[in-house]
Amino acid sequence: MLYAVLCYNSEEAVAAWSREEEDRVMSDLAAVERKYVAAGKLGPVARLMPTTAATTLRKAPGETIVVDGPFAETKEQFLGFFLVDMETLDAAIDFAKDLAVANPGVGAYEIRPLRVFKPGGALEAL
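This one's a predicted model, so the numbers in the text were calculated from it and none came from an experiment. (Residues numbered from 1 in each chain as written. Predicted model: local features only at pLDDT ≥ 70, side-chain atom pairs only at ≥ 80, totals over all residues. Heavy atoms only, no water.)

Observations regarding the pattern of salt bridges
Opposite charge on two side chains allows them to pair when their charged atoms are near.
Phase 1 of the analysis: Going through the model one piece at a time under the given rule, you end up with seven salt bridges.
Phase 2 of the analysis: Among the salt bridges present, the one from Glu87 reaches Lys41, with a minimum N-O distance of 2.4 Å. A residue pair is termed long-range when its members are at least 10 positions apart, and Glu87 in the loop between strand 5 (77–85) and helix 3 (89–102) and Lys41 in the loop between helix 2 (19–38) and strand 2 (42–47) qualify at 46 residues.
Phase 3 of the analysis: The class for Glu87 is exposed, based on a relative accessible area of 59%.
Phase 4 of the analysis: With its nearest N and O atoms 3.4 Å apart, the salt bridge here joins Glu110 to Arg112.
Phase 5 of the analysis: A relative accessible area of 46% places Arg112 in the partly exposed class. (Salt bridge = Lys/Arg side-chain N within 4 Å of Asp/Glu carboxyl O. Helix = DSSP H or I, 4+ residues; strand = E, 2+ residues; numbered from the N terminus. Buried < 20%, exposed > 50% of the residue type's maximum accessible area, 1.4 Å probe, protein only.)

If you want it as structure tokens, here you go:
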């Protein structure tokens, strides 16, 4: 089963990391990634640009509006995602736990099963 592991944290907190802390976190995450790449379980990984770079398309009856920004009133923002191929939800949860250990501070990981409608590219390798 393919799972998307969606990463949430405070953009403000992440943006405040020193270069050294950023490098350490990325190194710790790379160690987690290598483990799952070696097992053939990790697909594409993406880190999103800040929400200030976002554009939102809002759909309403009879109209579509494009606006700058996500306009989410939340303490945590969606920062990126991992795609993993795991036999069980418990295995996907274990992956998210590994990420949580590698990332400092607070945050959340949402784990959602995926249904691929148009397979292609890197996901075919999974």
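As for the sheet that holds strand 1 (residues 2–9)
Phase 1 of the analysis: Reading across from one edge, 2-5-1-6 is the order of the four strands in this open sheet, with antiparallel pairing throughout. Looking along the sheet, the strands with just one partner apiece sit at the ends: strand 2 and strand 6 (108–113). Across this sheet, the average inter-strand angle for adjacent strands is 20°, counted without regard to direction. (Pairing = 2+ DSSP bridges. Axes fitted to C-alpha atoms, helices over the stretch in contact; angles between N-to-C directions.)

Thoughts on helix 3
Phase 1 of the analysis: With 14 residues, helix 3 should cover 20 Å at 1.5 Å per step; its first-to-last C-alpha distance of 20 Å lies within 8% of that length.
Phase 2 of the analysis: Regarding helix 3, the residues found buried are Ala91, Ala92, Phe95, Ala96, Leu99 and Ala102. Viewed end-on, helix 3 has its buried residues packed into an arc of 145°, placing them on one side of the element. Away from its buried face by more than 90 degrees, helix 3 exposes Asp90, Lys97 and Val101.
Phase 3 of the analysis: In this structure, the buried residues of helix 3 make contact with strand 1, helix 2, strand 2, strand 5 and strand 6. (Expected span 1.5 Å × (residues − 1). Arc of directions from axis to C-beta. Contact = heavy atoms within 4.5 Å.)

Focus on the nonpolar core
Phase 1 of the analysis: In terms of nonpolar packing, the biggest core is built from 20 residues, with Val5, Phe82, Val84, Met86, Phe95 and Leu99 touching the most fellow members.
Phase 2 of the analysis: Broken down by secondary-structure element, the contributors of at least two residues to this core are strand 1, helix 2, strand 5 and helix 3.
Phase 3 of the analysis: With six residues, the single largest contributor to this core is helix 3. (Core = buried A, V, L, I, M, F, W, Y, C linked by side-chain atoms within 4.5 Å.)

Topic: helix 2
Phase 1 of the analysis: Compared with an ideal rise of 1.5 Å per residue, which puts 20 residues at 28 Å, helix 2 spans 28 Å between its outermost C-alpha atoms and is within 8% of the ideal.
Phase 2 of the analysis: Of all the residues in helix 2, the buried ones are Glu22, Val25, Leu29, Val32 and Tyr36. An end-on view of helix 2 places all buried positions within 95° of arc, on one side of the element. In helix 2, the exposed positions angled more than 90 degrees off the buried face are occupied by Arg19, Glu20, Arg34, Val37 and Ala38.
Phase 3 of the analysis: Looking at the packing, one finds that the buried side of helix 2 touches strand 2 and helix 3.

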